[in-house]
Amino acid sequence: MPSSPKRPAAADASELLERCSFPEAGTHVDVAVSGGPDSCGLALLAAAAGLDMTIHHVDHGLRPSADREAALVESLADRLGAPLVAHRVSIEPGGNLEARARSARRATLPAGVLTGHTMDDQAETVLLNLLRGAGIDGLAGMSSSTKPLLWLRRAELRSFVVSSHAEFVTDASNYDLSLRRNLVRARLLPELNGVAARDLVPLLARLAVLAGDDARYLDELAIAAVPDPLDVEALRGAPVALRRRRLRDLARRDDEDGSHPPSAAEVERMEAVVMGLVVATELAGGRRLARRNGRLDFEDG
């Protein structure tokens, strides 16, 4: 039996690569591979793009199939000639298991690691953010800086993986409708597609791009208007939209990756301190924000 090719032929991936946002060939990248079709497709395409790749696999110790997934990722790394770094994290039982597993992955994987999120994931994220009541930043969805496949559809990526004769596993939890993202994927998006009489995924992805452009411009204006976000006078003198952006920057400064903005209620409490309605307020994470001598001051709880 002939040996498997070290990487998929560039011709097989060329059309997909035209819509990916990978860096230049030869650039070193860290790639997160779970063993599912999307992350395996990411690794295959990164290899076809000529990147110097290190594959990372995280075992949460949560699924019976964990050993098979790890073996599959190891086989893929061997096929692509890429070094593999295996990470093992421990997740204690309790509520919101999905979020805690995600946080554990972020803490374990290297900064800037690439993930295999697709256009379908982006559309689902925009809808989930709308359900949370998010503003323009939520409409911007996920950044393409570490997600180079956001202009590929999930189905075509899976088809590419199958045609590349790469083995993958399907996570059974993807069909658990108690998880909100799965419910959006299985029920809400198809229903909305029916109402609109069209496929809304590309439209939602386009909305994310437009909102992201606007959000970045507002960030630039906000920094120019309030270079020092602890300066109460500068905050008071700024337009409300720019003042609130700087307050959000302050509130999430200590986030592990800055991806989870504070709630609107928290920003309103911070604004009350700035405008002199109250002297101090409690913030998430046990922190306290106070106003002293024209400056904002954070205290750890």
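The structure reproduced in this document is the subject of the present report. By convention here, each chain's residues receive numbers from 1 onward along its written sequence. Given that the model is predicted, a residue must reach a pLDDT of at least 70 before its local features are reported, and side-chain atom pairs must reach 80 or more before they are shown or counted; all residues, however, enter totals for whole chains, interfaces and linings. Only heavy atoms go into the side-chain values, all of them from the structure, while hydrogens and water stay out.

We now examine the sheet that holds strand β1 (residues 28-32). Strand order across the open sheet formed by three strands is β1-β2-β3, with parallel pairing between neighbours. Where the open sheet ends on each side, the last strands, each with one partner, are β1 and β3 (84-88). Going from strand to strand, the sheet's axes swing by 25° on average, the running direction of each strand aside. In the sheet, β1 pairs with strand β2 (residues 52-59) via five bridges, with the strands oriented parallel. Residue pairing across strands places alanine 32 opposite histidine 56, the latter belonging to β2. Contacts are residue-level and defined by heavy atoms, with any inter-residue pair within 4.5 Å sufficient. In this analysis, axes come from line fits to C-alpha atoms, helices being fitted only over the stretch in contact, and the angle between any two N-to-C directions falls in the range 0 to 180 degrees. Per the convention used, a helix needs a DSSP run of H or I reaching at least four residues, while a strand needs a run of E reaching at least two, with both numbered from the N terminus. Packed on one face of the sheet, helix α3 (residues 66-80) meets β2 and β3 and runs near 175° to β2. By this definition, two strands are paired if DSSP reports at least two bridges between them.

On to unusual backbone geometry, then. Notably, histidine 165 is not glycine yet its phi reads approximately 60°, a positive angle. Note that histidine 165 resides in the loop between α7 (154-163) and α8 (180-196). One non-glycine residue with positive phi stands out, namely asparagine 293, at about 50°. Take asparagine 293: it is sitting in the loop between β5 (288-292) and β6 (295-299). Asparagine 293 gets classed as exposed once you look at its relative accessible area, which sits at 83%. Buried means the residue's accessible area, taken with a 1.4 Å probe over protein chains only, is under 20% of the maximum for its type, while exposed means over 50%, and partly exposed covers the values in between.

Between two packed helices, what matters for the description is the angle formed by their axes and the separation of those axes. Contact geometry of helix α2 (residues 37-48) with α7 gives a least axis separation of 9 Å together with a crossing angle of 65°. Viewed along their axes, α2 and α7 adopt a mutual orientation that is roughly perpendicular. Taken as a pair, α2 and α7 cross one another with a handedness that is left-handed. For the pair α2 and α7, contact is made by Pro37, Asp38, Cys40, Gly41, Leu44 and Leu45 and by Arg154, Leu157, Arg158, Phe160 and Val161, respectively. Looking at side-chain class alone, the contact of α2 with α7 contains seven nonpolar, one polar and three charged residues. Angle categories are assigned with fixed cut-offs, so that under 35 degrees is roughly parallel, over 145 is roughly antiparallel, 65 to 115 is roughly perpendicular, and the rest are oblique. Left-handed describes a crossing whose near helix is turned anticlockwise from the far helix through less than a right angle; right-handed describes the clockwise counterpart. Under the scheme applied here, ten amino acids are nonpolar (Ala, Val, Leu, Ile, Met, Phe, Trp, Tyr, Cys and Pro), four are charged (Asp, Glu, Lys and Arg), and all others, including Gly, are polar.

Our focus in this paragraph is the sheet that holds strand β4 (residues 280-282). Taken in spatial order, the three strands of this open sheet run β4-β5-β6, and their pairing is antiparallel. Lying at the two open borders of the sheet, with one neighbouring strand each, are β4 and β6. Across the sheet, the axes of successive neighbouring strands diverge by a mean angle of 20°, strand direction being ignored. Inspection of the sheet shows β5 paired to β6 by five bridges, in the antiparallel sense.

With that out of the way, let us pick up the pattern of salt bridges. The salt bridge criterion pairs a side-chain nitrogen of Lys or Arg with a carboxyl oxygen of Asp or Glu, the two atoms within 4 Å. Enumeration according to the criterion identifies 23 salt bridges in this entry. Two residues, arginine 185 and glutamate 124, come together in a salt bridge whose shortest N-O distance is 2.9 Å. Note that arginine 185 is positioned in helix α8 and glutamate 124 in helix α5 (residues 119-132), a separation of 61 residues in sequence. Note on arginine 185: relative accessible area 25%, which makes it partly exposed. Note that glutamate 271 and arginine 244 form a salt bridge whose closest N and O atoms lie 3.0 Å from each other.

A separate point is α5. With 14 residues, α5 should cover 20 Å at 1.5 Å per step; its first-to-last C-alpha distance of 20 Å lies within 8% of that length. A large share of α5 lies buried, amounting to eleven of its 14 residues. Within α5 the residues assigned to the buried category are Met119, Asp120, Asp121, Gln122, Ala123, Glu124, Thr125, Val126, Leu127, Leu128 and Asn129. Following α5 by one or two positions, glycine 133 has its phi on the positive side, about 85°. Between the first and last residue of a helix there are one fewer steps than residues, each counted as 1.5 Å, and that sum is the expected span.

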